[in-house]
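What follows is each chain in one-letter form.
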Amino acid sequence: MYPHTDISQTWYVIVNPIAGFGRGLEDLPLITKLIRENDIPYELVFSQHKYHVTELTVQAVNDGYRRIMVIGGDGTLHEVVNGLFIQQSVQSSEVTIAVIPVGTGNDWIRMYGIPTRYAEAVRAIREGYSFLQDVGEVEYEESQYAQKRYMANMAGAGFDATVTRHYEHYKAKGERGVSLYAKAALKAYLRYKPSGVKVWIDDELVYNDLLFSLNIGICKFN
């Protein structure tokens, strides 16, 4: 860790040890070395289970941290964003989020041209490169209970969501490899059946029919 008297200026670094099939944990010594060499004050924590990153984010903001660094991928960032909007301590715009990309996709960082090389990503954090981004709010029902999630990148329904569900299932079973997403897509394609969907835009019903796949994105890759 790095000693610092002002907690609001200290980076709360959340490490997802399974991101990128374990690359986050494997490369952590190099990443923390770069952080120290750039004189960035930080506190390091590890996520331990599903949704733990969201819990850690809420706790960090409540404790006074205003800078959160993600060592992970799109999934880890997604959980941080949801934690940021769940907490009630401050406006979300008062908290800065940074990403050291170690995930398999890293779509979000590519959208903004954030470097994939660790040294360059850390340097961008040190130099204060930042921007304000809109976040999408998704409301849905699960087990007859209203739910709400937030997205910094994209949201999918139908076939798109089914592929992700299969992919996460394979990962939970310990399967690894660059072909895992293709395997999940093939399984989803063979088993998925379109379902009836209603879509409203600005309170106007624009679609009421069977849906194969739907993707709502706020990034240039959609």
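K.L.:
Help me out: how do you make sense of the overall build of the protein chain in this one?
P.N.:
The helix and strand inventory of the protein chain stands at 8 helices and 10 strands. In terms of overall size, the protein chain behaves like a compact globule, its C-alpha atoms giving a radius of gyration of 19 Å where 222 residues would be expected to give roughly 17 Å. The proportion of buried residues among the 222 residues of the protein chain is 41%. Considering only contacts within the protein chain whose residues lie at least 6 apart along the sequence, 65% involve residues at least 24 apart. Both charge centroids of the protein chain, one from 22 positive and one from 26 negative side chains, sit 8 Å from each other.

K.L.:
Looking at this model, I keep getting lost on unusual backbone geometry. Mind explaining?
P.N.:
Backbone phi values are negative for most residues with the exception of glycine, while trans is the configuration of most peptide bonds. You will see that D202, though not glycine, has its phi angle at about 55°, which is positive. Within the secondary structure, D202 sits in the loop between β8 (195-201) and β9 (204-211). Overall, D202 belongs to the exposed group, its relative accessible area being 75%. Look at D203: it is not a glycine, yet its phi comes out positive at around 65°.

K.L.:
Please explain helix α2 (residues 28-37) as it appears in this structure.
P.N.:
Residues lying three or four places apart along an α-helix face the same way, a consequence of the helix completing one turn every 3.6 residues. Along α2, the positions that sit buried rather than exposed are L28, I31, T32, L34 and I35. Summarising the axial view, the buried residues of α2 lie within an arc of 155°, below the 170-degree limit, and thus occupy one face. Here the buried face of α2 lies against β1 (11-15), α1 (23-26), β2 (42-46), β3 (67-72), β4 (96-101) and α6 (118-126). Taken from the residues just after α2, D39 is the one with a positive phi, measuring 55°.

K.L.:
I'm lost on the packing of α2 against α6 in this one. Help?
P.N.:
When two helices pack together, their arrangement is captured by the angle between the axes and the distance separating the axes. One way to put it is that α2 packs onto α6 with a least axis distance of 10 Å and a crossing angle of 35°. Once α2 is placed against α6, the crossing between them reads as right-handed. Where α2 approaches α6, its residues L30, I31, L34 and I35 are matched on the opposing element by Y118, A119 and V122.

K.L.:
Help me understand the side chain of D27, please; the structure alone is not making it clear to me.
P.N.:
You can see D27 is positioned in the loop between α1 and α2. Buried charged residue D27 carries no salt bridge. Nearest counter-charge: R23, at 4.1 Å. Polar contacts involving the side chain of D27 include one to the side chain of Y118, which spans 2.6 Å.

K.L.:
I'm lost on the nonpolar core in this one. Help?
P.N.:
One recurring pattern in soluble globular proteins: nonpolar side chains tend to sit buried together. Counting 23 residues, the largest nonpolar core has Y12, I14, I68 and W108 as its most contacted members. Listing elements by their share of this core, those giving two or more residues are β1, α3 (52-63), β3, α4 (74-86) and α5 (107-112). If we ignore the near neighbours within four places in the chain, the residues touching I14 are V45, V53, L56, T57, I68, M69, V70, I71 and V80. Membership of the second largest hydrophobic core comes to 20 residues, among which are V13, M69, I71 and A121.

K.L.:
Would you explain the pattern of salt bridges in this entry?
P.N.:
Between side chains of opposite charge, a pair can form when the charged atoms approach closely. This structure, assessed with the given rule, holds 5 salt bridges. Between E120 and R117 there is a salt bridge; the shortest N-O distance is 3.7 Å. With relative accessibility at 56%, the residue R117 sits in the exposed group.

K.L.:
Could you clarify how one ought to interpret the environment of A19 in this entry?
P.N.:
Along the polypeptide, A19 turns up in the loop between β1 and α1. Considered as a pair, A19 and G103 are 84 residues apart in the sequence and their alpha carbons are 5.2 Å apart. Not counting residues up to four positions away in its chain, the partners in contact with A19 are G24, G72, G73, T76 and V102.

K.L.:
Sorry, what's going on with the packing of helix α7 (residues 159-172) against helix α8 (residues 180-191) here?
P.N.:
Relative orientation of the contacting elements α7 and α8 amounts to 125°, with a least axis distance of 8 Å. Classified by the angle their axes make, α7 and α8 are oblique. Judged by the sense of rotation from one axis to the other, the crossing of α7 with α8 is right-handed. Along the contact surface, α7 presents F159, T162, V163, H166, Y167, Y170 and K171, while α8 presents L180, Y181, K183, A184, A185, K187, A188 and Y189. Here the contact of α7 with α8 is built from residues that sort into 10 nonpolar, 2 polar and 3 charged.

What counts and what doesn't
- Residues numbered from 1 in each chain as written.
- Predicted model: local features only at pLDDT ≥ 70, side-chain atom pairs only at ≥ 80, totals over all residues.
- Heavy atoms only, no water.
- Helix = DSSP H or I, 4+ residues; strand = E, 2+ residues; numbered from the N terminus.
- Rg over C-alpha atoms; globule rule 2.2 N^0.38 Å.
- Buried < 20%, exposed > 50% of the residue type's maximum accessible area, 1.4 Å probe, protein only.
- Contact = heavy atoms within 4.5 Å.
- Lys, Arg positive; Asp, Glu negative; His and termini not counted.
- Charge placed at Lys NZ, Arg CZ, Asp CG, Glu CD.
- Arc of directions from axis to C-beta.
- Axes fitted to C-alpha atoms, helices over the stretch in contact; angles between N-to-C directions.
- Left-handed = near helix turned anticlockwise from the far one by under 90°.
- Salt bridge = Lys/Arg side-chain N within 4 Å of Asp/Glu carboxyl O.
- Polar contact = N/O pair within 3.5 Å; in protein donor to acceptor, adjacent residues only side chain to side chain.
- Core = buried A, V, L, I, M, F, W, Y, C linked by side-chain atoms within 4.5 Å.
- Parallel < 35°, antiparallel > 145°, perpendicular 65-115°, else oblique.
- Nonpolar A, V, L, I, M, F, W, Y, C, P; charged D, E, K, R; others polar.

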